[in-house]
Amino acid sequence: RYEPTWRSLDARPLPAWFDEAKLGVFIHWGVFSVPSFGSEWFWWYWQKEKREPYVKFMEANYPPGFSYEDFGPLFTAEFFDPNQWADILKASGAKYVVITSKHHEGFTLWGSKYSWNWNAVDVGPKRDLVDELATSIRNRTDLHFGLYHSLFEWFSPLFLEDATNVFKTRKFPTSKSLPELYEIVTKYQPEIIWSDGNGNAPDTYWNSTGFLAWLYNDSPVRDTIVTNDRWGVGSICKHGGFYTCSDRYNPGHLLPHKWENCMTIDKRSWGYRRDAKLDDYFTIEDLVKQLVETVSCGGNLLMNIGPTHDGRIAVIFEERLRQMGTWLKVNGEAIYGTKPWRAQNDSVTPEVWYTFSPKEGKVYAIFLNWPISGTLALGEPQAKVGETQVRLTGHKELLKWVALGEKGMLIALPQLSLKQLPCQWGWALQLTNIN
């Protein structure tokens, strides 16, 4: 059994499914999806920081005295079709999904008994959005279902009172935050708890180690549950399950601990923005590059979309997800279940990243630019004449190659028209019998 100490909890091995999955989809959805302007931090920027664009937006579009709470009934979700969402998520090639069960605004997407009249069953959709999505995901896909949960809430009177007392009192975690965590785990049995928002309070205030000990020892998901590292001041990148370290974290080198790069397809926001321009969205080439770099360095990619207040996944997000799925249909063998190789990227040709499949003993060289010369030089693999074989994933024939001294090889790529290429945005070479 695990003790409620970091030393004991950090010794728990991460369930194997998480490292094998490699790709997840993050979903930021809540009352902030109603103004859908600027950022999911809308309430804070408007009311607390009083940032000019947010103040002006409200003055121009809403009556005087309109409060953030008034957005609640406008969060309607009338077009939310959990089966359609599940089908899009499945088509993305992702192996897990994490949805914001509650963001810093405190509004819960399930009918929490600890969030009276500020939840999706009492206000707005009048539906248990968490339950509906969990059910569709489990019925229609093999994705692992995860829940994001914000520890703190910007404007909760109880939290603000505790903060004023320099967290010597613990009214908020004992009456709101912790009961919610136990509630979602017991009710929905997620396989990821993605904690966030420490509110500048230590993990002792949140009793994070007590909750995690229960989660790992006695909860209904104790064997499969995976957690992140955001459990109070000082725990990020240091304690918990996998490390997130910071938003959009992509170190570009191998880390000794399992980590995740959580990033957004909309470069500027996690929540949906009606004011987003085409340039604000990453292209599929950008996203494939992020995935390949992340996986070769031992990480998982958690790619975020923000649905609309009425429950739609905007077409541009759907397109990116389906494009990623198309790419993974061809190149999934170079991604899923792989381990980092001895070299992460190539020493001769830039934008070439390596992965290793321990089951088959295959090395994959994933290259993001198709060379004009028709030949690709690799500085890292030590090939063996007469033994090493090279294939382009999605293409049948073996490729010709020559060794470049002790280490390295020059590979002749097949001469293919654009239509004949196995995919459009990054390609993988499968190398067998490499030293």
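- Under the annotation held in an unreviewed UniProt entry, the chain carries the name alpha-L-fucosidase and is attributed to Casuarius casuarius.
- Check the Function (unreviewed entry) section of the UniProt entry for the chain; it says "Alpha-L-fucosidase is responsible for hydrolyzing the alpha-1,6-linked fucose joined to the reducing-end N-acetylglucosamine of the carbohydrate moieties of glycoproteins."
- As stated in UniProt under Subunit (unreviewed entry), the record for the chain gives "Homotetramer."

1. Some details on the domain arrangement of the chain
- Each assigned domain of the chain is listed with its residue range as follows: domain 1 (6-334) and domain 2 (339-432).
- Counting residues at the interface gives 19 residues for domain 1, matched by 19 residues for domain 2.
- Between domain 1 and domain 2 lies a buried interface of about 1800 Å² when both sides are counted; carbon and sulfur atoms form 66% of it.
- Area buried by domain 1 at its contact with domain 2 is led by Ser296, Glu333 and Ala334, which between them contribute 29% of it.
- Counting the contacts that link domain 1 with domain 2 gives two salt bridges.
- In this structure, Lys339 engages Asp19 in a salt bridge whose closest nitrogen and oxygen atoms are separated by 2.7 Å.
- Along the contact surface separating domain 1 from domain 2 lie eight residue pairs in polar contact (both at pLDDT 80 or more).
- Contributions of two or more residues to the side of domain 1 that touches domain 2 are made by helix H11 (284-296) and helix H12 (315-331).
- Here the side of domain 1 that touches domain 2 takes eight residues from H11, the largest share from any one element.
- Residue composition of the side of domain 1 that touches domain 2, by class: nine nonpolar, five polar and five charged.

The rules behind these values
Residues numbered from 1 in each chain as written. Predicted model: local features only at pLDDT ≥ 70, side-chain atom pairs only at ≥ 80, totals over all residues. Heavy atoms only, no water. UniProt positions renumbered as here; feature names shortened; annotations may be inferred. Domains from an automatic or database assignment. Contact = heavy atoms within 4.5 Å. Buried area = accessible area lost by both parts, 1.4 Å probe. Salt bridge = Lys/Arg side-chain N within 4 Å of Asp/Glu carboxyl O. Polar contact = N/O pair within 3.5 Å; in protein donor to acceptor, adjacent residues only side chain to side chain. Helix = DSSP H or I, 4+ residues; strand = E, 2+ residues; numbered from the N terminus. Nonpolar A, V, L, I, M, F, W, Y, C, P; charged D, E, K, R; others polar.

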